[in-house]
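The residues making up each chain are set out below.
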Amino acid sequence: MSAVDKALDKAQDNAQDTKAAVASAVPEGRRRRRPMPGSLLVGGLIVSLVFGMALLSFVWTPHDPTLVDASVRLQKPSPEYWFGTDKFGRDVFSQILMGSRTTLFVGFVAVGVAALIGVPLGIVAGMAPHWFGELLMRGNDLVLAFPALLLTIMFSAVYGAGTLVAMIAIGIASIPHFARLIRGGTLQVMKTEYVLAARAAGRGPFSIALRHVLPNVSSLVIVQASVGFAIAVLAEAALSFLGFGTPPPTPSWGRMLQESQEMLSIAPRLAVFPGVAIAVVVLGFNLLGDGLRDRFDPKLEDRR
Amino acid sequence: MIVRLVQRIAILLASLVVSSVLVFAFMAVLPGDPARVVLGTSASDAAVAQLRGEFGLDRPLVTQYLSWVHGLVTFDPGNSYISHTPIGPQIADRLQVTLWLVGTGMVVACILAIPLGIVMAVRHRRPSGLVLSALSQVGVAVPAFLAGILMITVFAVEFGWLPANGWTPPIEDPVLFLKQLALPALSLGLVQGAVLTRYVRSAVLDVLREDYLRTARAKGLRPTQALLRHGLRNAAVPVVTVLALQLATLLVGSVVIERVFVIPGLGSLLLDSVSNRDLVVVQDVVMLIAMAVLLVNFLVDIVYLLIDPRLRVGAS
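Chain B is annotated in an unreviewed UniProt entry as ABC transporter permease from Streptomyces spongiae. Turning to chain B, the UniProt annotation filed under Sequence similarities (unreviewed entry) states: "Belongs to the binding-protein-dependent transport system permease family." Entered under Subcellular location (unreviewed entry) in the UniProt record, the comment concerning chain B runs "Cell membrane".

Structure representation (structure tokens):
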């Protein structure tokens, strides 16, 4: 492990004391139930609210979010248009509702891609001979040199901009975070006696990975998924803002912000609604991640 | 020590080579014929062939790759496929602008994060610490471009104190330069500062638990004295690392911020080149940013080797 890795692991507020997390994931039999951390509660509430919004948008929105109607341009918030209307006369509240779908969809696919590749990669890097694990981690560092936004812009230059390209690029850029974390967890699990016992009993590496490593690092995966979701939401917003994300007419919070920019002097509220929506969702997933980490890892409780 | 140094240099070189091959392969092999892309699908085969000759696209890929790398190393990456003007000076111009943004953003982040993070750590059980901690969570959740838009609304549109956008080189008009720099630098710095605050907090919290701090207290130092004299220096090590590694985030953040404030930096160049399908420029700018990130990682490693005696002796 390079010095950067070490320092990063230590300093990262998100970074976990993997040893403790793995230890707590190991059944102890008589673990005392602790009160639920506040961040878990608030984060969980926010995330459920957003899921609720996305589900609701499938059955109901107050207006058609894509309906252009010049006669009701730039309306102020009213009982008819809760958040007002934009420069095309589209209902902002309906767009926010529909936009939550885009946000969650992108988050899911991006985190899914990252976890599906990153978790096996991390386990392999943790179980393989040391030199091979190090080699994989250097490759990991290499991908880190291409942040999500840069990678998406590069992909878009070649394949054209679109939601799919953005989701996959964000996912690829998030692989190293998963791989690094899971490798740390795997290394800890591999030192345990039950793995030794399993090896003595003649279990192959594949079986050990599935039966012992994966279940024991799953709490790390869940925490990282939550934090990764927040990162994906931020990236999608930035990309849509730049015009590399979700193409019109599908509502997207990032693009709503971009469209609001020329209206700032007339209707600053058009920036406020999608802006608050993005910030609240990211806050929710970050809090959820923090809360889950506290839950899984009693030793860190004091810190936050 | 020497072995470690050589090892790090080897890793850096290998990373640079691999990433350049990846970028080159991605941009050159996948999209089909760049000359066709430039001229459009309706162009005649002869015109395409001529353009291919002009840019050396008819050479074998290995030759093309080597001449690209040669161009990068000698700071002369050749001409743009679209505007036919040299890319090097253009990138240098734009880079200056972006470095101003990134630099001032980082300064703002430090001024904000270091004192706040320390306060949050020292008071982490008291209400004031908790409130600050909650605020920093909110700050982390706000994307820089949103902060930018909101600040334009307040400081430019509402109060009219600062210009909403634009860029003037410092030599031309220093006052206007500072005025135009203020909002973009603040939006980058505030958000980055919120992230950094949390690292500072956790680094100081770690230090507060250390035995040597307890010893210092036992010697009769007051908590603040003990922290200032023995704690902060130790807490600084991980924070400096994070600061260096945040360069990548800042560089990427400035891409978006440049779009918000209409600033002609590296990010705008990248975005314009993508929309013009000027693939060579995209390739060069992407590689430049990746190189910067890899170089900073390398430098952090080297600095660690120099300041941390444990790393010099102990092999992993």
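Next, the rest of the story.
Asks: So, the overall build of chain B: which residues are in play, and what are the values?
Replies: The number of helices and strands found in chain B is 13 helices and zero strands. Along chain B, helices (α) and strands (β) appear in the sequence α-α-α-α-α-α-α-α-α-α-α-α-α when read from the amino end. A principal-axis box enclosing the C-alpha atoms of chain B has dimensions of 85 × 60 × 35 Å. By residue count, 40% of the 316 residues in chain B fall in the buried class.

Asks: Describe in detail the overall build of chain A, supporting the description with residues and values.
Replies: Scanning chain A from terminus to terminus reveals eleven helices and zero strands. Counting from the amino terminus, chain A carries its helices and strands in the arrangement α-α-α-α-α-α-α-α-α-α-α. Per-residue burial for chain A yields a buried fraction of 51% across its 304 residues. Taking the intrachain contacts of chain A between residues at least 6 apart in sequence as the baseline, contacts between residues at least 24 apart amount to 73%.

Asks: I'd love a proper account of the interface of chain A and chain B, names of residues and values included.
Replies: In this complex, chain A contributes 41 residues to the contact, which on the side of chain B involves 55 residues. Looking at the side of chain A that touches chain B, the elements that each hand over two or more residues are α1 (3-11), α5 (130-144), α6 (148-159), α9 (205-242) and α11 (269-296) of chain A. Top contributing element to the side of chain A that touches chain B by residue count: α11(A), with eight residues. For the side of chain A that touches chain B, the class distribution of residues is 30 nonpolar, six polar and five charged.

Asks: Please set out the UniProt feature "transmembrane region" (unreviewed entry) in chain B residue by residue, giving values where relevant.
Replies: The positions that UniProt labels "transmembrane region" (unreviewed entry) are, in the present scheme, residues 9-30, 99-122, 134-161, 181-200, 235-257 and 285-307 of chain B. Counted over residues 99-122 of chain B, helix gives 100% and strand 0%. Its end C-alpha atoms are 34 Å apart.

Asks: Explain the domain arrangement of chain B to me, using residue names and the numbers behind them.
Replies: Residues and elements named next belong to chain B. For chain B, the assigned domains read domain 1 (1-87) and domain 2 (89-313). On a C-alpha basis, the centroid separation for the pair domain 1 and domain 2 is 32 Å. Every contact between the two is made by 23 residues of domain 1 and, on the other side, 22 residues of domain 2. Broken down by secondary-structure element, the contributors of at least two residues to the side of domain 1 that touches domain 2 are α1 (2-28) and α2 (34-39). If one sorts the elements of the side of domain 1 that touches domain 2 by residue count, α1 sits on top with ten residues. A per-class count over the side of domain 1 that touches domain 2 returns 16 nonpolar, five polar and two charged.

Asks: Run through the packing of helix α5 (residues 87-122) of chain B against helix α10 (residues 223-260) of chain B, naming residues and quoting values.
Replies: All names here are of chain B. Contact geometry for α5 and α10: axes closest at 10 Å, N-to-C directions at 115 degrees. As α5 runs across α10, the sense of the crossing is right-handed. Contacts from T98, L101, V102, G105 and M106 of α5 reach α10 at L250, L251, S254 and I257. Counted by class, the contact of α5 with α10 contains six nonpolar, three polar and no charged residues.

Asks: Tell me about the UniProt feature "domain: ABC transmembrane type-1" (unreviewed entry) in chain B, residues and numbers included.
Replies: Following the UniProt record, one finds the feature "domain: ABC transmembrane type-1" (unreviewed entry) at residues 95-304 of chain B. Spanning residues 95-304 of chain B, this segment combines 83% helix with 0% strand, and its end C-alpha atoms are found 28 Å apart.

Asks: So what about helix α7 (residues 163-190) of chain A? Which residues, and what values?
Replies: End to end, α7(A) covers 39 Å across 28 residues, agreeing with the expected 40 Å (1.5 Å per residue, within 8%). With 25 of its 28 residues buried, α7(A) lies for the most part within the structure.

Asks: So what's going on with the packing of helix α4 (residues 92-127) of chain A against α7(A)? Residues and values would help.
Replies: Think of two packed helices as two axes; the pair is described by the angle between the axes and how far apart they sit. All names here are of chain A. Running from N to C, α4 and α7 point in directions that differ by 35 degrees, and their axes come no closer than 5 Å. Of the two possible hands of crossing, α4 and α7 adopt the one that is right-handed. Tallied by class, the residues present in the contact of α4 with α7 amount to 24 nonpolar, seven polar and two charged.

Asks: Give a detailed account of the environment of L104(A), specifying residues and quantitative values.
Replies: Residue and element names in this part refer to chain A. You can see L104 is positioned in helix α4. Residue classification places L104 among the buried positions, given that 20 C-beta atoms sit within 10 Å. Through-space distance from the C-alpha of L104 to that of P215 is 26 Å; in sequence the pair is 111 residues apart.

Asks: Describe the nonpolar core, listing the residues and the values that go with them.
Replies: Ranked by size, the top nonpolar core spans 158 residues in total, and within it V233(A), A238(A), V282(A) and V282(B) carry the most contacts. Looking at which element gives the most residues to this core, the answer is α9(A), with 20 residues. If you count residues domain by domain, this core takes at least three from each of domain 1 (1-87) and domain 2 (89-313) of chain B.

Asks: Can you lay out α10(B) for me, pointing to particular residues and giving the numbers?
Replies: For α10(B), which comprises 38 residues, the first-to-last C-alpha distance of 45 Å sits more than 12% below the rise-based estimate of 56 Å (1.5 Å per residue). Positioned one or two residues after α10(B), V262(B) has a phi angle of 50 degrees, which is positive.

Asks: Report on the confidence of the model for chain A, specifying residues and quantitative values.
Replies: All names here are of chain A. With 85% of its residues at a pLDDT of 70 or more, chain A shows a mean pLDDT of 80. Scored below 50 in pLDDT, residues 10-30 makes 47 contacts in the model with residues more than four places away or belonging to other chains. Residue range residues 298-304 is modelled with pLDDT below 50. Its contacts to residues more than four positions away, or to other chains, number 14 contacts.

Asks: Break down the environment of D290(A) for me, citing the residues and quoting the values.
Replies: Residue and element names in this part refer to chain A. Relative to the elements of secondary structure, D290 occurs in helix α11. Judged by local crowding, D290 falls into the buried class, with 25 C-beta atoms found within 10 Å. D290 sits 178 residues away from G112 along the chain, and the two C-alpha atoms are 20 Å apart.

Asks: Give a description of the environment of P274(A) that names residues and reports values.
Replies: All names here are of chain A. Within the fold, P274 resides in helix α11. Classification of P274 as buried rests on a count of 29 C-beta atoms within 10 Å. As for P274 and I96, which are separated by 178 residues in sequence, their C-alpha atoms are 6.6 Å apart. Those residues in contact with P274 that lie beyond four places of it in its chain are I96, G99, W253, M256 and L257.

Asks: I'd like to hear about unusual backbone geometry, residue by residue, with values.
Replies: Phi is positive for V262(B), close to 50 degrees, though the residue is something other than glycine. Take V262(B): it is sitting in the loop between α10 and α11 (266-275).

Asks: Provide a residue-level description of the confidence of the model for chain B, including the pertinent values.
Replies: Residues and elements named next belong to chain B. The predicted model of chain B averages 81 in pLDDT, with 93% of residues at 70 or higher. When the elements of chain B are averaged for pLDDT, helix α13 (residues 309-313) gives the smallest value, 60, and α5 the largest, 88. Reported for the predicted complex are a pTM of 0.82 and an ipTM of 0.82.

Quick notes on the rules
- Residues numbered from 1 in each chain as written.
- Chains lettered and ligands numbered in written order.
- Predicted model: local features only at pLDDT ≥ 70, side-chain atom pairs only at ≥ 80, totals over all residues.
- UniProt positions renumbered as here; feature names shortened; annotations may be inferred.
- Helix = DSSP H or I, 4+ residues; strand = E, 2+ residues; numbered from the N terminus.
- Buried ≥ 20, exposed ≤ 12 C-beta atoms within 10 Å, placed from the backbone.
- Contact = placed C-beta atoms within 7 Å.
- Nonpolar A, V, L, I, M, F, W, Y, C, P; charged D, E, K, R; others polar.
- Domains from an automatic or database assignment.
- Axes fitted to C-alpha atoms, helices over the stretch in contact; angles between N-to-C directions.
- Left-handed = near helix turned anticlockwise from the far one by under 90°.
- Expected span 1.5 Å × (residues − 1).
- Core = buried A, V, L, I, M, F, W, Y, C linked by C-beta atoms within 7 Å.
- pLDDT = per-residue confidence, 0-100.

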